[in-house]
Amino acid sequence: MYAAWAEAGLFPVADLQNLRKIDSDLEGHPTPRLNFIDVGTGSLGQGVAVAAGMAYVGKYFDKSPYRTYCIVGDGESAEGSVWESLHFASHYKLDNLCVIFDVNRLGQSEPTSLQHRMDVYRDRLAAFGFNPIVVDGHDVEELCKAFHEASVVTDKPTAIIAKTFKVIFL
C-alpha cells in the first residue's frame, strides 16, 4: 500500500526507504499521522468494523453514492470482531461495502489455519450474506472485473477473496 500511495504522490517515493524504522510514519500498519489515513486499525480486525460503520452512514444517513473498501489479512480474519462486523454489514445490506481478503496463507509468525482453502473463505462469506468473489490476487484483470462486479451488486456487501503469495526478501 505504501508503494502505491507514494506512486500516487501522497508522499515522496524516497520515504519508502524509512519503512518500519523507529522514527518513521510508515509503520507496519498505516496510522492517522499520515494525513490521508482516517483511522488506525492494525491486525486485530478493527478495520472491518470501521469500514462497515462508514458504509452504513453513507447509505442510510448521508444517502451518498460513495463506496467503502477495506483490506483484511487472512491472519486478521481469525478475529471474532471481523465476523461480527461482516454480520452487521450483511444485516444492513451494505451494498456500498467491499471487503478485500488478502489470502496469502501466512500469519505474522506462522501459516494461517485455512491457508489457501479459498472454497472455505467463499462458503463462509456466502453464509454471512456476502457476494463472495474468489480471484487470483496477482491478476490485475481479474481484480478489475471483481471490483466492477462489486460496484453493481445490490442488497448485499461484496467480499473479494484474493489468493496471493507473500514475497519475502532476505
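Asks: What am I meant to see in the overall build of the chain here?
Replies: Helix and strand content of the chain: five helices and four strands. Taken from the N to the C terminus, the helices and strands of the chain come in the order α-α-β-α-β-α-β-α-β. For 170 residues, the compact-globule estimate of 2.2 N^0.38 gives 15 Å, and the chain sits close to it at 16 Å. Reported as C-alpha extents along the three principal axes, the dimensions of the chain are approximately 45 × 35 × 30 Å. Within the chain, the fraction of its 170 residues that count as buried is 36%.

Asks: Help me understand the side chain of Ser-24, please; the structure alone is not making it clear to me.
Replies: Tracing the backbone through its elements, the reader meets Ser-24 in the loop between α1 (2-7) and α2 (46-61). With a relative accessible area of 9%, Ser-24 lands in the buried category. At 2.9 Å, the side chain of Ser-24 and the backbone nitrogen of Leu-26 are in polar contact. Setting aside residues up to four positions removed in sequence, Ser-24 forms contacts with Asn-18, Leu-19 and Arg-33.

Asks: Hey, could you run me through the nonpolar core in this one?
Replies: As a rule of thumb, soluble globular proteins bury nonpolar side chains together. One finds Leu-86, Leu-97, Val-99, Phe-101 and Leu-125 to be the most contacted residues of the largest nonpolar core, which totals 23 residues. Looking at this core, the elements that each hand over two or more residues are α2, β1 (68-73), α3 (80-91), β2 (97-103), α4 (118-127) and β4 (158-163). When residues no more than four places from it in sequence are discounted, the contact partners of Val-99 are Val-48, Cys-70, Val-72, Leu-86, Phe-130, Thr-158, Ala-159 and Ile-160. Cys-98, Ile-100, Ile-160 and Ala-162 belong to the second-largest nonpolar core, a separate cluster that totals nine residues.

Asks: Hey, could you run me through α2 in this one?
Replies: What sets the pattern is the α-helix's 3.6 residues per turn: residues three or four places apart point alike. With 16 residues, α2 should reach 22 Å at 1.5 Å per residue; the first-to-last C-alpha distance of 22 Å fits that figure. For α2, the full list of buried residues reads Gly-47, Val-48, Ala-51, Ala-52, Ala-55 and Gly-58. For α2, the angular spread of the buried residues around the axis is 125°, confining them to a single face. Lining the buried residues of α2 we find β1, α3 and β2. Just past α2, the residue Lys-63 takes up positive phi, approximately 50°.

Asks: Any chance you could explain the pairing of β2 here in plain terms?
Replies: Note on strand geometry: in a regular strand, side chains alternate between the two faces of the sheet. Among the seven residues in β2, six count as buried, and that is most of the element. Inspection of the sheet shows β1 paired to β2 by six bridges, in the parallel sense. Bridge pairing in β2 places Cys-70 opposite Val-99. Taken together, β1, α3 and β2 form a β-α-β motif whose crossover is right-handed. Here β2 pairs with β4 via six bridges, running parallel.

Asks: Would you mind going over unusual backbone geometry with me for this structure?
Replies: Negative phi characterises most residues that are not glycine, and trans characterises most peptide bonds. Positive phi, normally seen in glycine, also occurs at Gln-115, with a value near 45°. One can find Gln-115 in the loop between β2 and α4. Positive phi, close to 70°, is recorded for Asp-155, a residue that is not glycine. Of note, Asp-155 is situated in the loop between α5 (140-152) and β4.

Conventions used here
- Residues numbered from 1 in each chain as written.
- Predicted model: local features only at pLDDT ≥ 70, side-chain atom pairs only at ≥ 80, totals over all residues.
- Heavy atoms only, no water.
- Helix = DSSP H or I, 4+ residues; strand = E, 2+ residues; numbered from the N terminus.
- Rg over C-alpha atoms; globule rule 2.2 N^0.38 Å.
- Buried < 20%, exposed > 50% of the residue type's maximum accessible area, 1.4 Å probe, protein only.
- Polar contact = N/O pair within 3.5 Å; in protein donor to acceptor, adjacent residues only side chain to side chain.
- Contact = heavy atoms within 4.5 Å.
- Core = buried A, V, L, I, M, F, W, Y, C linked by side-chain atoms within 4.5 Å.
- Expected span 1.5 Å × (residues − 1).
- Arc of directions from axis to C-beta.
- Pairing = 2+ DSSP bridges.
- Right-handed = clockwise from strand over helix to strand, strands pointing away.

Honestly, it's all geometry; don't read function into it.
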